[in-house]
Amino acid sequence: MDTSSYCDSGPSAPGGREAGTPEAGGPPFAECVLCREPTEYPESAKGATLCPVCEWQEAQRTACSG
């Protein structure tokens with residue numbers, strides 16, 4: 001079984017970088033309010049921006065809070 005396409009990371013930007021990352025030369029990304037890592041949201045996004053990891057952890061906390 002060929003698993004090379006199973007974990008495909010998606011399209012790449014020119015230069016070998018992943019599309020959508022801050023290094024890809026796109027718009028400036030907002031930083032996560034918890035860990036200060038770049039998020040998927042532009043700097044112009046309103047509200048508390050979270051990176052995918054913190055967003056997932058926050059969803060787990062609120063889902064299990066009863």
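Calculation criteria
- Residues numbered from 1 in each chain as written.
- Predicted model: local features only at pLDDT ≥ 70, side-chain atom pairs only at ≥ 80, totals over all residues.
- Heavy atoms only, no water.
- Salt bridge = Lys/Arg side-chain N within 4 Å of Asp/Glu carboxyl O.
- Helix = DSSP H or I, 4+ residues; strand = E, 2+ residues; numbered from the N terminus.
- Pairing = 2+ DSSP bridges.
- Contact = heavy atoms within 4.5 Å.

**What about the pattern of salt bridges?**
Inference 1: In the structure shown here, the tally under the stated rule is 2 salt bridges.
Inference 2: Residues R36 and E31 are paired through a salt bridge, measuring 3.0 Å at the closest nitrogen-oxygen approach.
Inference 3: E58 is the partner of R61 in a salt bridge, and the nearest nitrogen-oxygen pair spans 2.9 Å. Taken as a pair, R61 and E58 lie in helix α1 (residues 52-63) at a separation of 3 residues, close to a single helical turn.

**Quick look at the pairing of strand β2 (residues 38-42)**
Inference 1: The sheet contact formed by strand β1 (residues 29-31) and β2 spans 2 bridges and is antiparallel. Pairing of F29 across the sheet is with P42, part of β2.
Inference 2: Taking the residues that link successive antiparallel strands as the turn, the β1-β2 hairpin has 6 residues, and the phi of R36 there is positive, at about 65 degrees.

**With respect to the environment of E40**
Inference 1: With respect to the helices and strands, the residue E40 is situated in strand β2.
Inference 2: The sequence separation of E40 and F29 amounts to 11 residues, and the corresponding C-alpha distance is 6.6 Å.
Inference 3: The contacts of E40, once residues within four sequence positions are left out, are F29 and P52.

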